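Fold and contact review
This is what each chain is made of:
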Amino acid sequence: MAGSMSIAPWRDAESECDLLDPEQNYMPTINKSLLSVSQLCPPVEVGWGALASPASHLKNFSYQLSGVSLQVKQIEEQLTSLRTSLVCAFNQLLDLKDLNTGVHSTRLAEWALHVGGELGLSESDQSDLEVAALLHDIGKVGIPDAILNKPGKLSNEEYELMKKHPEFGWAVLHQVPGMERASLLILHHHERIDGKGYPAGLRGEEIPIGSRIVCAIDAFDAMVSNRPYRKGLPFEEAIRRLASDSGTQFDASVAKHFIPLARAEISAVFAAAGTSVSTVL
Ligand SMILES: [Fe+2]
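A count of helical and extended segments in the protein gives 13 helices and 2 strands. The burial tally for the protein puts 27% of its 281 residues in the buried class.

Running from N to C, helix H7 (residues 165-173) and helix H8 (residues 180-187) cross one another at 175°; their axes reach a closest spacing of 8 Å. Here H7 lies roughly antiparallel to H8, going by the angle between them. Contacts between H7 and H8 involve Pro-166, Glu-167, Gly-169, Trp-170 and Leu-173 from the first element and Ala-182, Ser-183, Leu-184, Ile-186 and Leu-187 from the second. Class assignment for the residues of the contact of H7 with H8 results in 7 nonpolar, 2 polar and 1 charged.

Take the environment of Ala-146 next. Mapped onto the elements, Ala-146 comes out in helix H5 (residues 145-148). Given 8 C-beta atoms within a 10 Å radius, Ala-146 is considered exposed. Measuring from C-alpha to C-alpha, the distance between Ala-146 and Glu-158 comes to 9.7 Å, with 12 residues separating the pair along the chain.

So, on to unusual backbone geometry. The step from Tyr-198 to Pro-199 runs through a cis peptide bond, and the omega angle for that step is 10°. With respect to the helices and strands, the residue Pro-199 is situated in the loop between H8 and helix H9 (209-224).

This part takes up H9. The end-to-end C-alpha separation of H9 is 23 Å, in line with the 22 Å expected for 16 residues at 1.5 Å each. Among the 16 residues in H9, 12 count as buried, and that is most of the element. Every buried residue of H9 is listed here: Gly-210, Ser-211, Arg-212, Ile-213, Val-214, Cys-215, Ala-216, Ile-217, Asp-218, Phe-220, Asp-221 and Val-224.

Here we take up the environment of Cys-88. Note that Cys-88 resides in helix H2 (residues 54-97). As a C-alpha pair, Cys-88 and Leu-134 span 46 residues in sequence and 9.0 Å in three-dimensional space.

What follows concerns the packing of helix H4 (residues 123-135) against H8. In contact at an axis separation of 8 Å, H4 and H8 are set at 50° when each is read in the N-to-C sense. The orientation of H4 with respect to H8, classified from their angle, is oblique. Where H4 crosses over H8, the handedness of that crossing is right-handed. Residue-level inspection shows Asp-128, Leu-129, Val-131, Ala-132 and Leu-135 of H4 in contact with H8, the latter providing Arg-181, Ala-182, Leu-185 and Ile-186. In terms of residue class, the contact of H4 with H8 is built from 7 nonpolar, no polar and 2 charged.

What follows is about the nonpolar core. Ranked by internal contacts, the top residues of the largest apolar core, which has 38 residues, are Ala-112, Ala-132, Leu-135, Val-214, Ala-216 and Ile-217. When residues of this core are traced back to their parent elements, those giving at least two are H2, helix H3 (99-118), H4, H7, H8, H9, helix H10 (235-244) and helix H11 (252-264). Apart from the residues within four sequence positions on either side, Ala-112 is in contact with Leu-129, Ala-133, Ile-213, Val-214 and Ile-217.

Taken as a whole, H8 has its buried residues at Ala-182, Ser-183, Leu-185, Ile-186 and Leu-187. Where H8 is buried, its residues touch H4, H7 and H9.

For the protein, per-residue confidence averages 79 on the pLDDT scale, and 74% of positions sit at 70 or higher. Throughout residues 1-49 the model reports pLDDT below 50, and contacts reaching past four residues in sequence, or to other chains, amount to 64 contacts. Within the model, pLDDT remains below 50 along residues 275-281, and this stretch shows 14 contacts once partners closer than five positions in the same chain are excluded.

The rules we used
- Residues numbered from 1 in each chain as written.
- Predicted model: local features only at pLDDT ≥ 70, side-chain atom pairs only at ≥ 80, totals over all residues.
- Helix = DSSP H or I, 4+ residues; strand = E, 2+ residues; numbered from the N terminus.
- Buried ≥ 20, exposed ≤ 12 C-beta atoms within 10 Å, placed from the backbone.
- Axes fitted to C-alpha atoms, helices over the stretch in contact; angles between N-to-C directions.
- Parallel < 35°, antiparallel > 145°, perpendicular 65-115°, else oblique.
- Contact = placed C-beta atoms within 7 Å.
- Nonpolar A, V, L, I, M, F, W, Y, C, P; charged D, E, K, R; others polar.
- Expected span 1.5 Å × (residues − 1).
- Left-handed = near helix turned anticlockwise from the far one by under 90°.
- Core = buried A, V, L, I, M, F, W, Y, C linked by C-beta atoms within 7 Å.
- pLDDT = per-residue confidence, 0-100.

Here it is as structure tokens:
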């Protein structure tokens, strides 16, 4: 039927698709890349046979590409949802291990995001920071309760085991797709600016900014919180230590942005820490 028309279809040996005769100048610009595309597209019915032009092949390919893009977007949304569920599950695990730690992590995440925002972290870095702040102590699941809740000072051996918790946390989280960078922030959340921290002894900007944020905020929160073996420090004393240790233990810019936030949230801090504001001020 097509042969009775002035446009005779011819079959490209490589693509197995019906194309228009280039000698009649109906498709003078067809090239190898279009033939490759056409291989992906079935012929389009045009009323008088299975004749398809490169334009219709491209249109078809474009439709298929849109479908693939939609599927990729849906998979990305499912992965994000899965990661959120995993973070919630891990956070509940922290609650089961030690309720105070779970609440402490949630508070830490809010402060960390505030400081991260002021320091101009990207959306992606903020996302990693939030996970790291929420789960920074997930590795403590691997520390015996007798050490975690010991009322007195830890022995050297116990302290060495306690110092393993950043590595334990990294070991768990780096296996989760999408949490690799957050697991690195967790690995380094006990480093110090002067290089005297652990586990790697990183210095200054060698330490990821997310780890530096979690480190300072975690230390401040620990200072004002009651522990089985000691009472929380007064607010002003904790602020004084945070400021005096800026540049040695803590990142100076992190402390500079965090101290005003701590002052603004003092009531919430002490309510959550189980300490009376009136007795510590
Ligand atoms: Fe920690």
